[in-house]
Amino acid sequence: MLTDQIGYYVIDDADYSALSQGITPYWSGSLVFFNVDGKDSYPFASRLYHMLIDSFDKDCLTSVYYNRIKELSDCTENAGSGTGDSPEFLKNNISGLSPDAADFRLYWAYMPKFRILSANDFMQTFSVFLMTFLFICIICLTAAMVIAYTRCQTIAINNRYVFDDLKRLGASPAFLRKEVRLQCGNVFKIPVITGMSAMSLLYGMILFANDGRFSRSEILGFLLCMAVIAVIAALFFGIYVHTLRIVCMELEIPESRTG
């Protein structure tokens, strides 16, 4: 990868000579590579990055989605309207952003690659996205746990007379607790197993679809996700055990040595 954006290819001299014939400077550009003696310097890379941004004219602060050919050929339906996906909007939609903003670093067409900046500023660049994801994740998990707990309480209330009749007929505490586990288990197991299995499969398909294979880093990332899923599953199991105990108390089912 020569830059953070897709669209650059390495070709041989013969192909370059054939493709570059008749191209004016307006349609050509230059890629500059450099290396600093010794170890990478974060202060130097940071100063160079901001100096590079300051040296660009505002007309160069274009989005990676902006396409001059589409603008000149008038292929877009709302060209010139300044809204939606018009060339004017795509050209200027990052011009007012800070060079340190995540959207600027992600979508600037000429964003350079700084290895040391990418390594050190990753958390800072994606902190908003990570915090948003964590917030949504916590809300969804909490909602799922509350719904499962409430559903089990509803089952206990609606079927209380059934368990009372079973007690009168001589059903053992072990049998009653088994029935409670069966009812509450379905409430927890079906959504948990279905959701975790579906998302794991989807994530694996996304990793494979990127380049048709699983790289070492992708495998490590997938294993890390499996570890997180295991922690969440253990958390749900703890909530299930607590719910089971509460439901048995409400149904006045005594403890059983065999149950």
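Peer 1: I would appreciate a short explanation of the overall build of the protein chain in the present structure.
Peer 2: When its secondary structure is counted, the protein chain shows 11 helices and zero strands. Each helix and strand of the protein chain, placed in order from N terminus to C terminus, yields the pattern α-α-α-α-α-α-α-α-α-α-α. Classification of the 259 residues of the protein chain by burial places 23% in the buried group. The contacts in the protein chain between residues at least 6 apart in sequence include a share of 74% that link residues at least 24 apart. Summed over its atoms, the accessible surface of the protein chain is roughly 18500 Å², and 64% of this surface lies on carbon and sulfur atoms.

Peer 1: I would appreciate a short explanation of the nonpolar core in the present structure.
Peer 2: As a rule of thumb, soluble globular proteins bury nonpolar side chains together. Ranked by size, the top nonpolar core spans 21 residues in total, and within it V180, V247, L251 and I253 carry the most contacts. Residues Y49, L61, M111 and F114 belong to the second largest nonpolar core, which totals 10 residues.

Peer 1: Please clarify how the packing of aromatic side chains should be interpreted in this entry.
Peer 2: The relative placement of two aromatic rings is captured by the distance of their centres and the angle of their planes. Counted under the stated rule, the structure contains seven aromatic pairs. With a centroid separation of 6.1 Å and 45 degrees between ring planes, the pair formed by F237 and Y240 is classed as tilted. With a gap of three residues between them, F237 and Y240 both fall in helix α11 (residues 216-250), about one helical turn apart. The exposed category is assigned to F237, whose relative accessible area is 53%. Given a relative accessible area of 16%, Y240 falls into the buried group.

Peer 1: Would you take a moment to explain the side chain of D121 for this structure?
Peer 2: Among the secondary structure elements, D121 is positioned in the loop between α6 (115-120) and α7 (122-125). A distance of 2.7 Å separates the side chain of D121 from the side chain of Y42, its partner in a polar contact. Looking at D121, its side chain comes within polar contact range of the side chain of R105, at 3.4 Å. Apart from residues no more than four positions distant in its own chain, D121 is found in contact with Y42 and R105.

Peer 1: Any chance you could explain the environment of I193 here in plain terms?
Peer 2: Within the element layout of this structure, I193 appears in helix α10 (residues 173-211). Each C-alpha atom of the pair I193 and A233 lies 8.9 Å from the other, and the pair is 40 residues apart in sequence.

Peer 1: Mind showing me how you'd approach α11 here?
Peer 2: An α-helical segment advances 3.6 residues per turn. Residues three or four places apart therefore align on the same side. Over its 35 residues, α11 extends 51 Å from the first C-alpha to the last, a length consistent with the 51 Å expected when each residue adds 1.5 Å. Along α11, the residues that are buried comprise E218, I232, F236, Y240, T243, L244, V247 and C248.

Peer 1: Before we go on, may I ask you to explain the packing of helix α8 (residues 127-158) against α10 in this structure?
Peer 2: Two packed helices can be described by the angle between their axes and the distance between those axes. Closest axis-to-axis distance for the α8/α10 pair is 10 Å, and the angle between their directions is 155 degrees. The angle between α8 and α10 places the two elements in the roughly antiparallel class. Of the two elements, α8 crosses α10, and the hand of that crossing is right-handed. Where α8 abuts α10, its residues A148, Y149, R151, C152 and I155 lie against Q183, C184, V187 and F188.

Reading the values: rules and limits
- Residues numbered from 1 in each chain as written.
- Predicted model: local features only at pLDDT ≥ 70, side-chain atom pairs only at ≥ 80, totals over all residues.
- Heavy atoms only, no water.
- Helix = DSSP H or I, 4+ residues; strand = E, 2+ residues; numbered from the N terminus.
- Buried < 20%, exposed > 50% of the residue type's maximum accessible area, 1.4 Å probe, protein only.
- Contact = heavy atoms within 4.5 Å.
- Areas by Shrake-Rupley, 256 points an atom, 1.4 Å probe, with all protein chains shown as cover.
- Core = buried A, V, L, I, M, F, W, Y, C linked by side-chain atoms within 4.5 Å.
- Phe/Tyr/Trp six-rings, centres within 6.5 Å; stacked < 30°, edge-to-face > 60°.
- Polar contact = N/O pair within 3.5 Å; in protein donor to acceptor, adjacent residues only side chain to side chain.
- Expected span 1.5 Å × (residues − 1).
- Axes fitted to C-alpha atoms, helices over the stretch in contact; angles between N-to-C directions.
- Parallel < 35°, antiparallel > 145°, perpendicular 65-115°, else oblique.
- Left-handed = near helix turned anticlockwise from the far one by under 90°.

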